[in-house]
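# Structural description and commentary
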Amino acid sequence: MKGTFPIEKWGNITTPFYFYDTTLLKNTLEAIKKETDKYNFTQHYAIKANANPRILKLIASYGFGADCVSGGEVRAAIEAGFSADKVVFAGVGKADWEINLALDADIFCFNVESLAELYIINELAIAKNKIARVEFRVNPNVDAHTHAKITTGLSENKFGINLSQISSVIKEAKTLSNIEVVGLHFHIGSQITDMSAFKDLCIKANELQDSLEKEGFTFPNMNFGGGLGIDYHHPNHINIPDFENYFAVFNKLVERRGGQNIHFELGRAVVGQCGNLISRVLYVKEGEVKRFAILDAGFTELIRPAMYDAYHRIENLSSNLAEKEYDVVGPICESSDVFGKEVMLNEVKRGDIIALRSAGAYGEVMSSQYNLRNLPNSYFSEDFE
Ligand code: LLP
């Protein structure tokens, strides 16, 4: 089964482009809202997954907050209508101008990843006569069982403050005049489909909270990050992730203190399935051992297969001919510019429209102009109704 696309209405739109299914995005946002409302949880959308202004505006209109990792993202969040008191700013390397911008915007909090950074935030807050609210990002040493390049919660990763150091960092923070500690933050990795990783996280967080409370530290907010994966193999059948089960795990296992807020920062699970990279076939090349479908899109538009060996389902939207086997490749002058090897596609001809599915997260936003290519345009299904 292939996805349904208004391909006859696309006419001569220049390919490659991103095509977003607005209805699916809205249904996904409704599903998240239903589950978070159930438990009074708060979702901060991880802007890094997709910062398309129309997508940001739509997500902001559902009342979600925003998780940002740069000054540019903080600015984009505010411009899109996210309320500043629901904006958090994370990242191991925040530049001074970015911290200043966030202080000026009065964001909800900084997710702090080191003592060195904490001192600078304090200094910059003093200069502005402001109090900076901070959550400490803890590296809980939990294995997310995902691709090594998107695992973040192990002691060897650069992220967060190690468990053994967290108590002394908080003690130090309490001595700083313009810092207010408002919570703990965790994020163990991305594209996590095994709920046991999240269960381990809940248990680690409970243990840590118990032991820090014994030292007299309490936390009005606990932030469990993002990481819920999507089903890249079945975008036509399972296009809304199982939010019910995901949030139920946290509701069941987190020992929530009275009045405590529980925050999440899902990115991929929000936007992953609603986006598709649409491209045309330039050439079919019959090699000695391989048959290549050469597309006008390459890793400049979707880098995930080249960078993480990621799988994206590929469909030929123009053909219902019998299937043949192809290596589906892009035009970039690098041998890693391959979207899929030995892919079965309805027979391909020059000009056929090819959809790379589940590309809404870390697709458009990671595109580049390498080889001096143009950045892709984006279109939304609601514009073709
Ligand atoms: N919070 C923090 C602190 C993060 O570092 C991330 C993602 C998220 C939330 C959102 O995670 P999500 O819910 O989207 O899994 N480019 C890679 C993924 C990198 C993820 C980086 N951090 C990819 O295409 O797979």
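A few points on the structure. (Residues numbered from 1 in each chain as written. Predicted model: local features only at pLDDT ≥ 70, side-chain atom pairs only at ≥ 80, totals over all residues. Heavy atoms only, no water.)

For the rest of this paragraph, the subject is the overall build of the chain. Looking only at helices and strands, one finds 10 helices and 17 strands in the chain. Relative to the 2.2 N^0.38 estimate, which gives 21 Å for 385 residues, the radius of gyration of the chain is 22 Å and therefore close to what a compact globule would have. Referenced to the eigenvectors of the C-alpha coordinate spread, the extents of the chain come out at roughly 70 × 40 × 40 Å. Counting over 385 residues, the chain shows a buried share of 56%. For the chain, the share of sequence-separated contacts (at least 6 apart) that also reach a separation of at least 24 residues comes to 73%. (Helix = DSSP H or I, 4+ residues; strand = E, 2+ residues; numbered from the N terminus. Rg over C-alpha atoms; globule rule 2.2 N^0.38 Å. Buried < 20%, exposed > 50% of the residue type's maximum accessible area, 1.4 Å probe, protein only. Contact = heavy atoms within 4.5 Å.)

What follows deals with helix α7 (residues 195–214). Compared with the 28 Å implied by 1.5 Å per residue over 20 residues, the 29 Å span of α7 between its first and last C-alpha is a close match. Among all positions of α7, only Met195, Ala197, Phe198, Leu201, Cys202, Ala205, Asn206, Leu208, Gln209 and Leu212 are buried. In this fold, the buried residues of α7 make contact with β6 (132–139), α6 (166–174), β8 (179–185), β9 (221–223) and α8 (243–253). One or two positions beyond α7, positive phi appears at Gly216, with a value near 95 degrees. (Expected span 1.5 Å × (residues − 1).)

In the region of the ligand, 19 residues are neighbours, and Ser190, Glu265, Arg304, Tyr308 and Tyr362 sit closest. The fraction of the free accessible surface of the ligand (580 Å²) that becomes covered by protein chains is 92%. Residue composition of the shell around the ligand, grouped by class: 6 nonpolar, 7 polar and 6 charged. Here the shell around the ligand spans two domains, and each of domain 1 (7–17 + 273–384) and domain 2 (22–272) adds at least three residues to it. (Near = heavy atom within 4 Å. Areas by Shrake-Rupley, 256 points an atom, 1.4 Å probe, with all protein chains shown as cover. Nonpolar A, V, L, I, M, F, W, Y, C, P; charged D, E, K, R; others polar. Domains from an automatic or database assignment.)

Before going further, it helps to spend a moment on the packing of aromatic side chains. One pass over the structure, following the stated rule, counts 26 aromatic pairs. Ring geometry for Tyr246 versus Phe250: centroids 5.1 Å apart, planes at 65 degrees, classification edge-to-face. In this pair, Tyr246 and Phe250 are both assigned in helix α8, 4 residues apart and thus about one turn of the helix distant. Through a chain of ring-to-ring contacts, three or more aromatic side chains come together here, namely Tyr39, Phe41, Phe186, Phe198, Phe224, Phe243, Tyr246, Phe247, Phe250 and Phe264. We note Lys94 situated over the ring of Phe89; from NZ or CZ to the ring centre the distance is 5.6 Å. (Phe/Tyr/Trp six-rings, centres within 6.5 Å; stacked < 30°, edge-to-face > 60°. Lys NZ or Arg CZ within 6 Å of the ring centre and 35° of its normal.)

Next up on the list: helix α2 (residues 53–61). Every buried residue of α2 is accounted for by Ile55, Leu56, Leu58, Ile59 and Ala60. Where α2 is buried, its residues touch β1 (17–20), α1 (22–39), β2 (42–46), α3 (71–80), α9 (268–271) and β17 (377–380). Taking the backbone nitrogen of Arg54 as reference, a side-chain oxygen 3.0 Å away marks Asn52 as the first, capping residue of α2. Within two residues after α2, Gly63 carries a phi angle of roughly 85 degrees, on the positive side. (Polar contact = N/O pair within 3.5 Å; in protein donor to acceptor, adjacent residues only side chain to side chain.)

No statement about biological role is implied by the geometric values presented.
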